Amino acid sequence: MQYLVNVIDSRSNTGTAEEAAAIDVFNDKLRAGGHWVFAAGLADPSVSTVIDARGADVVFTDGPFAEAKEWAAGFWIIEADDLDVALKLMAEGSRACNRRLEIRLVLHE
């Protein structure tokens, strides 16, 4: 099973050198355990663009798509046998990045 894990933050580019080092160690652990799929940081939502092509015209709007105090500042996509394994792994991820995390099952067709 794959899980999307959002890193929740209220500011952009707030990571410290110590947090980056801890994340590198954690990412190496994910790779070694066969849980790594992909991970990345995200640009500030203020520089995003919202695209709406549901009508006759395509509408492009400067982001963010929703006003929020917190947003996804980065993410992991991990592989885990079940939610319990994913939760245990990402408890370590939360500690490594010093942020709250949101975990969601990736639905496959």
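Just so it is clear, the structure is predicted and the values come from calculations on it, not from any experiment. (Residues numbered from 1 in each chain as written. Predicted model: local features only at pLDDT ≥ 70, side-chain atom pairs only at ≥ 80, totals over all residues. Heavy atoms only, no water.)

J.: Hey, could you run me through the nonpolar core in this one?
T.: Proteins that are soluble and globular tend to have nonpolar side chains buried together. Counting 13 residues, the largest nonpolar core has F26, L30, W76, I78 and M90 as the members making the most contacts within it. Where this core is concerned, the elements lending two or more residues are β1 (2-9), α1 (17-32), β5 (71-79) and α2 (83-97). Sorting elements by how many residues they give to this core places α2 first, with five residues. If sequence neighbours within four positions are ignored, I78 has contacts with M1, Q2, Y3, V5, L30, H35, V37, A86, L89 and M90. (Core = buried A, V, L, I, M, F, W, Y, C linked by side-chain atoms within 4.5 Å. Buried < 20%, exposed > 50% of the residue type's maximum accessible area, 1.4 Å probe, protein only. Helix = DSSP H or I, 4+ residues; strand = E, 2+ residues; numbered from the N terminus. Contact = heavy atoms within 4.5 Å.)

J.: Is there a simple way to explain the packing of aromatic side chains in this structure?
T.: Ring pairs (aromatic) are described by centroid distance and by the angle formed between their planes. Taken as a whole, this structure holds two aromatic pairs when the rule is applied. Aromatic pair F26 and W76: ring centres 5.5 Å apart, planes at 85°, arrangement edge-to-face. Here W76 lies in strand β5 and F26 lies in helix α1, a separation of 50 residues in the sequence. For the pair shown, F26 and W76 are each scored as buried. Above the plane of the ring of W36 lies R31, whose end atom (NZ or CZ) is 3.9 Å from the centre. (Phe/Tyr/Trp six-rings, centres within 6.5 Å; stacked < 30°, edge-to-face > 60°. Lys NZ or Arg CZ within 6 Å of the ring centre and 35° of its normal.)

J.: Can you walk me through the sheet that holds β5 in this structure?
T.: Within a sheet, adjacent strands bond to each other through the backbone by hydrogen bonds, running parallel or antiparallel. Pairing in this open sheet of four strands is antiparallel, and the strands run β2-β5-β1-β6 from one edge to the other. Of all the strands in the sheet, the pair left with one neighbour each is β2 (36-41) and β6 (100-105). Ignoring which end each strand starts from, the neighbouring axes of this sheet average 20° apart. In terms of strand pairing, β2 meets β5 through five bridges, oriented antiparallel. By the bridge assignment, A40 is partnered in β5 with F75. Sheet strands touched by α1: β2 and β5. Its angle to β5, the strand with the most contacts, is close to 25°. (Pairing = 2+ DSSP bridges. Axes fitted to C-alpha atoms, helices over the stretch in contact; angles between N-to-C directions.)

J.: Quick question: what am I supposed to make of the pattern of salt bridges here?
T.: Opposite charge on two side chains makes pairing possible when the charged atoms of those side chains draw close. Counted according to the given criterion, the structure contains six salt bridges. Where D28 meets R31, a salt bridge forms, and the shortest distance between an N and an O atom there is 3.3 Å. Taken together, the positions of D28 and R31, both in helix α1 and three residues apart, correspond to about one turn of that helix. Taking relative accessible area as the criterion, R31 reaches 43% and is therefore assigned partly exposed. Here the residues in one salt-bridge network are D9, E19 and R99, joined through shared partners. (Salt bridge = Lys/Arg side-chain N within 4 Å of Asp/Glu carboxyl O.)

J.: Explain unusual backbone geometry here, please?
T.: Located in the positive-phi region is N98, a residue other than glycine, with phi close to 60°. Checked against the element boundaries, N98 lands in the loop between α2 and β6. The exposed category is assigned to N98, whose relative accessible area is 53%.

J.: Can you walk me through a negative patch on the surface in this structure?
T.: A surface patch of negative charge is lined by E79, D81, D82 and D84. On the secondary structure map, D81 appears in the loop between β5 and α2. Residue D81 is classed as exposed on the basis of its relative accessible area, which comes to 68%. (Patch = residues over 30% accessible without salt bridge, like charges linked within 9 Å, V, L, I, M, F, W, Y side chains within 5 Å. Areas by Shrake-Rupley, 256 points an atom, 1.4 Å probe, with all protein chains shown as cover. Lys, Arg positive; Asp, Glu negative; His and termini not counted. Charge placed at Lys NZ, Arg CZ, Asp CG, Glu CD.)

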